[in-house]
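# Results of the structural survey
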Amino acid sequence: MTETKQGKKKKQEMKRTRALSCLITMLLIAAADSTEETVMRLEMSHRDTLFPTSSHRVEDIISEDQKRHSLISQKRKTNGGGAKLPLRSGSDYGAAQYFADVRVGTPAKMFRVVVDTGSELTWVNCRFRGKGRGREKKRRVFRAEESSSFRQVGCLTQTCKVDLMNLFSLSNCPTPSTPCSYDYRYADGSAAQGVFAKETFTVGLTNGRVARLHGLLIGCSSSFNGDSFQGADGVLGLALSDYSFTSKATNLFGGKFSYCLVDHRSHENVSSYLTFGSTNKTTTTRTTPLDLNLIPPFYAVNIIGISLGDDMLDIPMQVWDATSGGGTILDSGTSLTLLAEAAYRPVVSELEGYLVGLKRVKPEGVPIEYCFDVSSGFNESKLPQLMFHFKGGARFEPHRRSYVVDAAHGVKCLGFVSAGAPATNVVGNIMQQNYVWEFDVVASSLSFAPSTCL
């Protein structure tokens, strides 16, 4: 469920500008014949003496101070522990996503949200000032006025006008008391509309206690549409950006988060955890660099090739080069694995060679090129091992059921879709299943190991 980006180039240029603004070059020139001590004095001015303070500027200042104090307090309370959220397949709801349970507001209310490493915004089905769809289609609703910790973001604030521009904040601001609104769009055509706010999340800790995370940005969505949200009350945005849930949680819990996706066909009672904090590594754990600046805000990895069995497939290196329009990301919100045409074609063609003699079928509504009837003699053990090769030597060997997937009763399909050319390659959640994935956003590394997730 990777979201579209307006002005991506502009966003990257703004980041570089902010980085450069932190660099101050000072040149001291003293007269060679002077015997007096040379002293440089720099006058310091508070930024609000340069830019007159308004009530909205005060709101920004208080917000920043509260965030900082909240972070200090919460780090003391968590005392180095980790946080964990129950994580399960959405199969029972007819969804191809994975769901986590989050508790939002004061008092805390439980919501079932899509876990999406390709989205920055966390939002829930919400009613605010009489607007919202309420409880329909068995969805739970967050009633903003009933939460004592709900704080709307004003439409005249710096946060709304500048910081949230990349989260599709809208410019309409008829009155100073109007909340900052958004129209958040996803690449698959799904969308969510509502207002931004700051809220409190309550999470369980690995030591059995609970912690309250204050001041997290949340979307109060009064309207949303799209198949991506089937069975869900909202979205947990885990892409890496200043306002994502990941940014707040990793600041508190050691700069790491991990998840293990159970088999996508699992029922609701089979669950694992989305964890913030360190996980226990095993002898089978492999690590590869995670490039957080390559295709922001996504989690980019340096894949350099794909093999089947002992054969490395003939795939042009440009496919893996992000600077040429390629590159690869891991995305928990995308189900199948999308490959640029120059990688997709050799992968599918090679696998087809092992499926000769099986009856080809075309299930209605399934946008996959190669599907077959399993009753015509399919033997999974005869399939070669698919392997993704990372720069530096790490290799990812997905389970066979992760790349030959169930599409209907008695029907399996090759779990790949062509993304065209040039295109970003996306390793979807089915390919990731039954592996532990640990994202270290401080060390910029990705560690992974096979697991039952139980």
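Residues numbered from 1 in each chain as written. Predicted model: local features only at pLDDT ≥ 70, side-chain atom pairs only at ≥ 80, totals over all residues. Heavy atoms only, no water.

## Some details on the sheet that holds strand S19 (residues 360-361)
- Strands sit in the order S19-S20-S24-S23 across an open sheet of 4 strands; the sheet is antiparallel. Among the strands making up the open sheet, the edge pair consists of S19 and strand S23 (404-408).
- Bridge analysis of strand S20 (residues 371-373) against strand S24 (residues 411-414) gives 3 bridges, and the strand direction is antiparallel. From the neighbouring strand, Asp373 faces S24, where its bridge partner is Val411. (Pairing = 2+ DSSP bridges. Helix = DSSP H or I, 4+ residues; strand = E, 2+ residues; numbered from the N terminus.)

## A closer look at the pattern of salt bridges
- Counted by the stated rule, this structure contains 11 salt bridges.
- Asp263 is the salt-bridge partner of Arg401, the closest N and O atoms lying 3.0 Å from each other. In this pair, Arg401 sits in helix H7 (residues 400-403) while Asp263 sits in the loop between strand S11 (256-260) and strand S12 (271-276), placing the two residues 138 residues apart along the sequence.
- The exposure class of Arg401 is partly exposed, given its relative accessible area of 28%.
- By relative accessible area, which is 11% here, Asp263 ends up buried. (Salt bridge = Lys/Arg side-chain N within 4 Å of Asp/Glu carboxyl O. Buried < 20%, exposed > 50% of the residue type's maximum accessible area, 1.4 Å probe, protein only.)

## Brief notes about the packing of aromatic side chains
- In the structure shown here, the tally under the stated rule is 28 aromatic pairs.
- Between Phe257 and Phe439, the ring centres sit 4.7 Å apart and the planes meet at 5°, which makes this aromatic pair stacked. Taken together, the positions of Phe257 in strand S11 and Phe439 in strand S27 (residues 435-440) put the pair 182 residues apart, joining distant regions of the chain. Considered together, Phe257 and Phe439 belong to a single accessibility category, that of buried residues.
- Counting every residue linked through ring pairs, the aromatic cluster contains Phe201, Phe245, Phe257, Tyr259, Phe276, Tyr299 and Phe439.
- We note Lys84 situated over the ring of Tyr273; from NZ or CZ to the ring centre the distance is 4.6 Å. (Phe/Tyr/Trp six-rings, centres within 6.5 Å; stacked < 30°, edge-to-face > 60°. Lys NZ or Arg CZ within 6 Å of the ring centre and 35° of its normal.)

## Concerning helix H6 (residues 341-352)
- Taking 1.5 Å per residue as the helical rise, H6 with its 12 residues ought to reach 16 Å, and the 16 Å between its terminal C-alpha atoms agrees with that figure.
- When we look at burial in H6, the residues that qualify are Ala343, Tyr344, Val347, Val348 and Leu351. The buried residues of H6 occupy an angular sector of 115° when the element is viewed end-on, so they sit on one face. (Expected span 1.5 Å × (residues − 1). Arc of directions from axis to C-beta.)

## Description of the nonpolar core
- Counting 83 residues, the largest nonpolar core has Phe245, Leu274, Phe276, Ile306, Phe416, Trp437 and Phe439 as the members making the most contacts within it.
- Beyond its immediate chain neighbours, meaning those up to four positions away, Phe439 contacts Gly255, Lys256, Phe257, Tyr259, Leu290, Tyr299, Leu330, Ser445 and Leu446.
- Judged by nonpolar contacts, the second largest core, of 23 residues, contains Ala95, Cys155, Tyr184 and Leu217. (Core = buried A, V, L, I, M, F, W, Y, C linked by side-chain atoms within 4.5 Å. Contact = heavy atoms within 4.5 Å.)

## Points about the sheet that holds strand S15 (residues 303-308)
- Across the sheet, which stays open at both edges, the 4 strands sit in the order S16-S15-S21-S22 with antiparallel pairing between neighbours. The sheet is open, and its two edges are formed by strand S16 (311-312) and strand S22 (395-396), each paired on a single side.

## Side note on helix H5 (residues 245-252)
- Of all the 8 residues making up H5, 7 are buried; the element is thus mostly covered by neighbouring parts of the structure.
- The set of residues buried in H5 consists of Phe245, Thr246, Ser247, Lys248, Ala249, Thr250 and Leu252.
- Downstream of H5 by a residue or two, Gly254 has a phi angle that is positive, lying close to 85°.

## Digging into the side chain of Ser149
- On the secondary structure map, Ser149 appears in the loop between strand S5 (142-143) and strand S6 (151-152).
- Ser149 gets classed as buried once you look at its relative accessible area, which sits at 16%.
- Side chain to side chain, Ser149 and Thr106 meet in a polar contact 2.8 Å long.
- Not counting residues up to four positions away in its chain, the partners in contact with Ser149 are Gly105, Thr106, Lys198, Glu199 and Thr200. (Polar contact = N/O pair within 3.5 Å; in protein donor to acceptor, adjacent residues only side chain to side chain.)

## Observations regarding the state of the cysteines
- The full count for this structure, using the stated rule, is 5 disulfides.
- Here Cys160 engages in a disulfide with Cys180; their sulfurs sit 2.1 Å apart. Here the disulfide of Cys160 and Cys180 is right-handed, its torsion about the S-S bond being about 80°. One end of the pair, Cys160, is in helix H4 (residues 158-163); the other, Cys180, is in the loop between H4 and strand S7 (181-185), with 20 residues separating them in the sequence.
- For Cys180, a relative accessible area of 0% gives the class buried.
- Paired through a disulfide, Cys260 and Cys453 show a sulfur-sulfur distance of 1.9 Å. Taking the torsion about the S-S bond as the criterion, the Cys260 to Cys453 disulfide, at about -70°, is left-handed. Taken as a pair, Cys260 in strand S11 and Cys453 in the segment after strand S28 (445-450) lie far apart in primary sequence, 193 residues in all. Like Cys453, Cys260 is buried. (Disulfide = S-S within 2.5 Å.)

## Here's the deal with the environment of Val102
- Inspection of the secondary structure puts Val102 in strand S2 (residues 98-104).
- Remark: the alpha-carbon pair of Val102 and Pro86, spanning 16 residues in sequence, is separated by 8.5 Å.
- Those residues within four positions of Val102 in sequence are excluded, and the remaining contacts are Leu85, Lys109, Met110, Phe111, Val113, Phe201 and Leu236.

## Re the environment of Phe142
- Considering the arrangement of structural elements, one finds Phe142 in strand S5.
- Residue Phe142 is classed as buried on the basis of its relative accessible area, which comes to 3%.
- Along the chain, Phe142 and Ser221 lie 79 residues apart, while their C-alpha atoms are 9.3 Å from each other.
- Beyond its immediate stretch of four places on either side in the chain, Phe142 contacts Val104, Gly105, Phe111, Val124, Asn125, Cys126, Arg127, Ser147, Phe150 and Glu199.

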